[in-house]
Amino acid sequence: MPHSFDIAALGEAMLEFNQTRPGEPQYLQGFGGDTSNAVIAAARAGARTCYLTRLGADWFGDELMALWRREGVDAGGVERDRQAHTGIYFVTHGEGGHAFSYLRAGSAASRMTPEWLPRERVQQSRILHVSGISLAISDSARETVLEAMRVAREAGTLVAFDSNLRLKLWPLEVARQTIAQAASLCDYFLPSVEDAAALSGMHAPAAILDWAHALGAPQVVLKLGAEGALASDGRRRERIAGVPVRAIDATGAGDCYCGNLLARIARGEDLFAAARYANAAAALAVQGFGAVAPLPYPREVEALL
Ligand SMILES: O=C(O)C(=O)C[C@H](O)[C@H](O)CO
């Protein structure tokens, strides 16, 4: 059966309030939520996409619905909840880079359950993308993500998983066990090197790749930030050099990487070609402000390549 979508992403989207200057109380309103960022990046890269989540019946939720409409992301798998709000978060900037502060506990997305999951959209997609953030936000969201991964595997939908470790959301020991379980259910494991080091206790990128494959992930891309990426299909490994850029805000750069990688894989590129394309896309994304606004289009990525 032909797929209706190249990529379905499942998770929590939020409104973003991003500090425009360190130490000053001025915030630019944008959009975030790692899997939503990734699916928008994929849509801008030309993929047919859909997003699966729950939103409050509030203004924040209306804004996110309008965003996905503008970006061409199908939101038929989004449910509105009259009893719960849409999550929001603040990004502040300081010496150590950016930091997130959340107002999301009890959000509509955190109330997703396996019974709610729009299974047919998972089954109708070539690739399902999920992350560690949705594993962390509530027990029922974790069960929903794991169920979506199982549904995808049964249907032959490929599964991509970004650990996106946020220690404000859960303790490291719990994250280690749950992320290991999710990595064992995925086809593409796409952690940042910081996440992978915290989860594995290892530091050398080559050893981290071995650890990731040992969890059961056949294809792994380790995102190295400004240093580029390291991709492995279990037989071959390729180091992709970072692109020198003047970084303004790295919020969502890893999501940009995932969305572009998956869009290129859905077009038929191999892991390594897709990883090189995504590396250039993520380098462009850090040159703008916020998680969504600076996500690039193919003509910009091709010009950089
Ligand atoms: O941290 C989260 O939960 C978010 O989803 C907010 C940001 O958009 C995301 O972390 C960027 O990767």
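The name an unreviewed UniProt entry assigns to the chain is 2-dehydro-3-deoxygluconokinase, from the organism Ramlibacter tataouinensis. Per UniProt, the chain has the following entry under Sequence similarities (unreviewed entry): "Belongs to the carbohydrate kinase PfkB family."

*Asks:* Summarise the site of the ligand; cite the residues concerned and give the values.
*Replies:* Around the ligand, the structure places 13 residues, and the nearest of them are Tyr 89, Tyr 102, Arg 104, Arg 166 and Asp 255. The backbone of Asp 34 places a nitrogen or oxygen atom 2.9 Å from an oxygen atom of the ligand. Between Asn 37 and the ligand, the recorded distance is 3.1 Å, taken from a side-chain N or O atom to an oxygen atom. Out of a free accessible area of 320 Å², the ligand has 97% covered by protein chains.

*Asks:* Please set out the nonpolar core residue by residue, giving values where relevant.
*Replies:* Judged by nonpolar contacts, the single largest core of 53 residues is most densely connected at Trp 68 and Leu 261. The contact partners of Leu 261, leaving out residues within four places of it in the chain, are Leu 190, Val 221, Leu 271, Ala 274, Ala 275 and Ala 278.

*Asks:* Describe the sheet that holds strand β12 (residues 228-232), and please don't skip the residues or the numbers.
*Replies:* Ordered by their spatial adjacency, 9 strands build an open sheet running β5-β4-β1-β8-β9-β10-β11-β12-β13, and the pairing between neighbours is mixed. Edge positions in the sheet fall to β5 (73-81) and β13 (237-241), since each of these pairs with one other strand and no more. Note that β12 and β13 share 5 bridges and pair antiparallel. Its bridge partner being in β13, Leu 230 is matched across the sheet by Arg 239. Contacts from helix α1 (residues 34-44) reach β1 (5-10), β4 (49-56), β5 and β8 (125-131) within the one sheet, and its direction differs from that of β4 by about 150°. Packed on one face of the sheet, helix α2 (residues 59-71) meets β4 and β5 and runs near 170° to β5.

*Asks:* Let's hear about the packing of aromatic side chains: which residues, and what values?
*Replies:* With the rule as written, the count across this model stands at 9 aromatic pairs. Between Tyr 51 and Trp 68, the aromatic rings sit 5.1 Å apart at their centres with planes inclined by 50°, giving tilted as the arrangement. Of the two residues, Tyr 51 is situated in strand β4 and Trp 68 in helix α2; the sequence distance between them amounts to 17 residues. Exposure remark for Trp 68: the relative accessible area of 0% places this residue in the buried category. These aromatic residues form a ring-pair network of at least three members: Phe 17, Tyr 27 and Phe 90. Geometry around Tyr 102 places Arg 104 over its ring, the cationic atom sitting 4.5 Å from the centre. Above the ring of Tyr 277, the side-chain terminus of Arg 264 is found at 3.9 Å from the ring centroid.

*Asks:* Please set out α1 residue by residue, giving values where relevant.
*Replies:* Of all the 11 residues making up α1, 11 are buried; the element is thus mostly covered by neighbouring parts of the structure. The set of residues buried in α1 consists of Asp 34, Thr 35, Ser 36, Asn 37, Ala 38, Val 39, Ile 40, Ala 41, Ala 42, Ala 43 and Arg 44. Phi for Gly 46, located one or two positions after α1, is positive at around 105°.

Each value, and the rule that gives it
- Residues numbered from 1 in each chain as written.
- Predicted model: local features only at pLDDT ≥ 70, side-chain atom pairs only at ≥ 80, totals over all residues.
- Heavy atoms only, no water.
- UniProt positions renumbered as here; feature names shortened; annotations may be inferred.
- Near = heavy atom within 4 Å.
- Polar contact = N/O pair within 3.5 Å; in protein donor to acceptor, adjacent residues only side chain to side chain.
- Areas by Shrake-Rupley, 256 points an atom, 1.4 Å probe, with all protein chains shown as cover.
- Core = buried A, V, L, I, M, F, W, Y, C linked by side-chain atoms within 4.5 Å.
- Buried < 20%, exposed > 50% of the residue type's maximum accessible area, 1.4 Å probe, protein only.
- Contact = heavy atoms within 4.5 Å.
- Pairing = 2+ DSSP bridges.
- Helix = DSSP H or I, 4+ residues; strand = E, 2+ residues; numbered from the N terminus.
- Axes fitted to C-alpha atoms, helices over the stretch in contact; angles between N-to-C directions.
- Phe/Tyr/Trp six-rings, centres within 6.5 Å; stacked < 30°, edge-to-face > 60°.
- Lys NZ or Arg CZ within 6 Å of the ring centre and 35° of its normal.

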